[in-house]
Amino acid sequence: MAEGKEAHGWAARDVSGHLSPYHFSRRVPKDDDVTIKVLYCGICHTDLHIIKNDWGNAMYPVVPGHEIVGVVTGVSGGVTRFKAGDTVGVGYFVGSCRSCDSCGKGNENYCAGVVPTSNGVDHAHGGVPTRGFSDVIVVNEHYVVRVPDGLALDRTAPLLCAGVTVYSPMMRHGLNEPGKHLGVVGLGGLGHVAVKFGKAFGMKVTVISTSASKRQEAIENLGADEFLISRDPEQMKAATGTMDGIIDTVSAWHPITPLLALLKPLGEMVIVGGPSKPLELPAYAFVPGGKGVVGSNVGSVGDCQAMLEFAGKHGIGAEVEVIKMDYVNTAIERLEKNDVRYRFVIDVAGSLGSAA
Ligand code: NAP
Ligand code: ZN
């Protein structure tokens, strides 16, 4: 097969998850492809799960990364929505079948054939492995979103996954209405953006955390109204039955029965975190109150564009620590230790060659 642009990325070769430089070729652009020079890429906890094979699906070498912001450097003849120079984003996936019920309804993220941006296999393009962190990416225009003017690009990169992952279920489950009470479990990359969206929707937002050290920032900088320590039974008891909905972003096993107790009758808890060990869901925790437990997976391309427009209007960006590529292994160790406020973002263009 003919080869496209040379790409400079970083890959993990085994379950140690250690990343090191990795050179490969992007595909030759097809008629509806956009070539993007990558400027920034966020580090999501999903990247950590995948490179350490927590979910048993790593296909080494893995080039993680799916929170990409960049600038279009070239478009093929069939591209109608973008031109060179546009500032764009690419999120968790770069393909789907485009013919199933989910794709037909604009829910590409629930297509059985969805192609993740990293650690996937792109059957529509010769079965090539998909790869994230690198200086150039080639993507079908259908899976590219426009970054509204005025947003800081480093702070926008995490919105491409963390942002849409919380925004999409908030919209779908009515957790976007002024006056409603939202609980956000886990104040990490996803959680801190959920707090910002909740406040922008005019909600009362309570953070439920294991980290007392995050209380002041949550309230003073992120705008949360209240902060509960999930391991403090007294604090949890005082908040029983007060929340309309909860978004649970926790990356590790944790008890969910005490969280369900925080919901009002008929309230819903949306689980977006991906602990590798099964959570426990006793019937008494949700049946008597008619409560719902529902999952949610990133968001559609349409959700992602709408989320960016909303972020642009309300000046919402992630709280980020911008790093160079050669700091990535330390960043991942710190992410594993819950030592990040609140997202690492790699300055890709400032670290790697600019093949695009
Ligand atoms: P993150 O930045 O590491 O945040 C996770 C937060 O969970 C931590 O900040 C911590 O918050 C809390 N936490 C960690 N270990 C815990 C434990 N043992 N018990 C209780 N709380 C704990 O991760 P992220 O990038 O936001 O991602 C969170 C999860 O969502 C990951 O599993 C990721 O794979 C998943 N994810 C899912 C989707 C989707 O589409 N469904 C998309 C992206 C990510 P506190 O310090 O406040 O307790
Ligand atoms: Zn992610």
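Keep in mind that this is a model prediction, so the values were computed, not measured.

The rules behind these values
- Residues numbered from 1 in each chain as written.
- Chains lettered and ligands numbered in written order.
- Predicted model: local features only at pLDDT ≥ 70, side-chain atom pairs only at ≥ 80, totals over all residues.
- Heavy atoms only, no water.
- Donors = N, O, S within 2.8 Å, 3.2 Å for Na, K, Ca; no water.
- Helix = DSSP H or I, 4+ residues; strand = E, 2+ residues; numbered from the N terminus.
- Buried < 20%, exposed > 50% of the residue type's maximum accessible area, 1.4 Å probe, protein only.
- Pairing = 2+ DSSP bridges.
- Axes fitted to C-alpha atoms, helices over the stretch in contact; angles between N-to-C directions.
- Near = heavy atom within 4 Å.
- Polar contact = N/O pair within 3.5 Å; in protein donor to acceptor, adjacent residues only side chain to side chain.
- Areas by Shrake-Rupley, 256 points an atom, 1.4 Å probe, with all protein chains shown as cover.
- Parallel < 35°, antiparallel > 145°, perpendicular 65-115°, else oblique.
- Left-handed = near helix turned anticlockwise from the far one by under 90°.
- Contact = heavy atoms within 4.5 Å.
- Nonpolar A, V, L, I, M, F, W, Y, C, P; charged D, E, K, R; others polar.
- 1 Å grid on protein atoms, 1.4 Å probe; cavity = no way out; pocket = protein on both sides within 12 Å on 5 of 7 lines; lining within 4 Å.
- Points joined across faces, edges and corners; volume = space filled by probe spheres on them.
- Salt bridge = Lys/Arg side-chain N within 4 Å of Asp/Glu carboxyl O.
- Core = buried A, V, L, I, M, F, W, Y, C linked by side-chain atoms within 4.5 Å.
- Domains from an automatic or database assignment.
- UniProt positions renumbered as here; feature names shortened; annotations may be inferred.
- Phe/Tyr/Trp six-rings, centres within 6.5 Å; stacked < 30°, edge-to-face > 60°.
- Lys NZ or Arg CZ within 6 Å of the ring centre and 35° of its normal.

### Concerning the coordination of the zinc ion (ligand 2)
Ideal values differ by geometry: the angle at a metal is 109.5 degrees with four tetrahedral donors, but 90 or 180 degrees with six octahedral donors.
Here's step 1: Distances from the zinc ion (ligand 2) to its protein donors, namely Cys-44 (SG), His-66 (NE2) and Cys-161 (SG), fall within the range 2.0 to 2.3 Å.
Here's step 2: Mapped onto the sequence, the residues coordinating the zinc ion (ligand 2) show the spacing C-x21-H-x94-C. Remark: Cys-161 occurs in the loop between helix H3 (153-156) and helix H4 (162-172) and His-66 occurs in the loop between helix H1 (45-51) and strand S4 (68-75); sequence separation between them is 95 residues. This pair shows no difference in class: His-66 is buried, exactly as Cys-161 is.

### Points about the sheet that holds strand S12 (residues 181-185)
Here's step 1: With parallel pairing, the six strands of this open sheet are ordered in space as S14-S13-S12-S15-S16-S17. At either end of the open sheet lies a strand with only one pairing partner, and these are strand S14 (226-229) and strand S17 (292-295). Taken over all neighbouring pairs, the strand axes of this sheet differ in orientation by 20 degrees on average, direction set aside.
Here's step 2: Bridge count for strand S15 (residues 243-248) against strand S16 (residues 263-271) is five bridges, and the pairing is parallel. Bridge pairing in S16 links Ile-246 to Met-269.

### Here's the deal with the site of ligand 1
Here's step 1: Taken together, 31 residues lie near ligand 1, and Ser-209, Thr-210, Ser-211, Val-298 and Arg-343 sit nearest.
Here's step 2: A distance of 2.9 Å is found between a nitrogen atom of ligand 1 and a backbone nitrogen or oxygen belonging to Val-272.
Here's step 3: Here an oxygen atom of ligand 1 and a side-chain polar atom of Asn-338 are 2.9 Å apart.
Here's step 4: Relative to its unbound accessible area of 920 Å², ligand 1 is 90% covered by the protein chains.
Here's step 5: When residues of the shell around ligand 1 are traced back to their parent elements, those giving at least two are H1 and helix H5 (189-200).
Here's step 6: Per-element accounting of the shell around ligand 1 gives the leading share, three residues, to H1.

### Digging into the packing of H4 against H5
Here's step 1: Relative orientation of the contacting elements H4 and H5 amounts to 50 degrees, with a least axis distance of 8 Å. Here H5 runs oblique to H4, going by the angle between their axes. In terms of crossing hand, the pair formed by H4 and H5 is right-handed. Between H4 and H5, the residues in contact are Ala-162, Gly-163, Thr-165, Val-166, Tyr-167 and Met-170 and Gly-189, Leu-190, Val-193, Ala-194, Phe-197 and Gly-198, respectively.
Here's step 2: For the contact of H4 with H5, the class distribution of residues is eight nonpolar, four polar and no charged.

### Notes on the layout of surface pockets
Here's step 1: Taken as a whole, the second largest pocket spans an internal volume of roughly 230 Å³.
Here's step 2: What lines the second largest pocket is a set of 19 residues, and nearest its centre among them are Gly-95, Ser-96, Val-115, Asp-122 and Ala-124.
Here's step 3: Listed by contribution, the elements that provide at least two residues to the lining of the second largest pocket are strand S6 (93-95) and strand S8 (121-122).
Here's step 4: For the lining of the second largest pocket, the class distribution of residues is eight nonpolar, seven polar and four charged.

### What to know about the pattern of salt bridges
Here's step 1: For the structure shown, the criterion picks out 17 salt bridges.
Here's step 2: Ionic pairing is found between Lys-324 and Asp-347, a salt bridge with its closest N-O pair at 2.8 Å. One end of the pair, Lys-324, is in the loop between strand S18 (320-323) and helix H10 (328-336); the other, Asp-347, is in strand S19 (residues 343-347), and 23 residues separate them in sequence.
Here's step 3: Looking at Lys-324, the relative accessible area reads 41%, which means it is partly exposed.
Here's step 4: Through salt bridges with shared partners, one network takes in Arg-27, Asp-33 and Asp-122.

### Considerations on the nonpolar core
Here's step 1: The biggest cluster of nonpolar side chains holds 88 residues, and the ones touching the most others in it are Ile-43, Phe-133, Met-170, Phe-197 and Val-328.
Here's step 2: The element contributing the most residues to this core is helix H9 (residues 301-314), with six residues.
Here's step 3: Mapped onto the domain boundaries, this core takes at least three residues apiece from domain 1 (5-161 + 319-347) and domain 2 (163-295).
Here's step 4: Each residue touching Val-328, except ones within four places of it in the same chain, is listed here: Trp-10, Leu-19, Ile-43, Phe-133, Ile-323 and Ile-346.
Here's step 5: In terms of nonpolar packing, the next biggest core, distinct from the first, is built from 16 residues, Ala-239, Met-243, Ile-256 and Leu-259 among them.

### Observations concerning the UniProt feature "domain: Enoyl reductase (ER)" (unreviewed entry) in the chain
Here's step 1: Sequence positions flagged by UniProt for "domain: Enoyl reductase (ER)" (unreviewed entry) are, in local numbering, residues 17-346.
Here's step 2: As a span, residues 17-346 carries 23% helix and 26% strand, and end to end its C-alpha atoms are 17 Å apart.

### Quick notes on the packing of aromatic side chains
Here's step 1: Going through the model one piece at a time under the given rule, you end up with eight aromatic pairs.
Here's step 2: Pairwise contacts between aromatic rings join Tyr-167, Phe-197, Phe-201 and Phe-310 into one cluster.
Here's step 3: Over the ring of Phe-24 we find Arg-131; its NZ or CZ atom is 4.6 Å from the centre of that ring.
Here's step 4: Sitting above the plane of the Trp-253 ring, Lys-277 keeps its charged end 4.9 Å from the centroid.

### A word on the environment of Lys-204
Here's step 1: In this structure, Lys-204 sits in strand S13 (residues 204-209).
Here's step 2: Take Lys-204: its relative accessible area is 33%, and that puts it in the partly exposed class.
Here's step 3: Expressed as a C-alpha distance, the spacing of Lys-204 and Met-243, which sit 39 residues apart in the sequence, is 9.2 Å.
Here's step 4: With residues near it in sequence (within four places) discarded, Lys-204 still touches Lys-180, His-181, Leu-182, Lys-199, Asp-225 and Glu-226.

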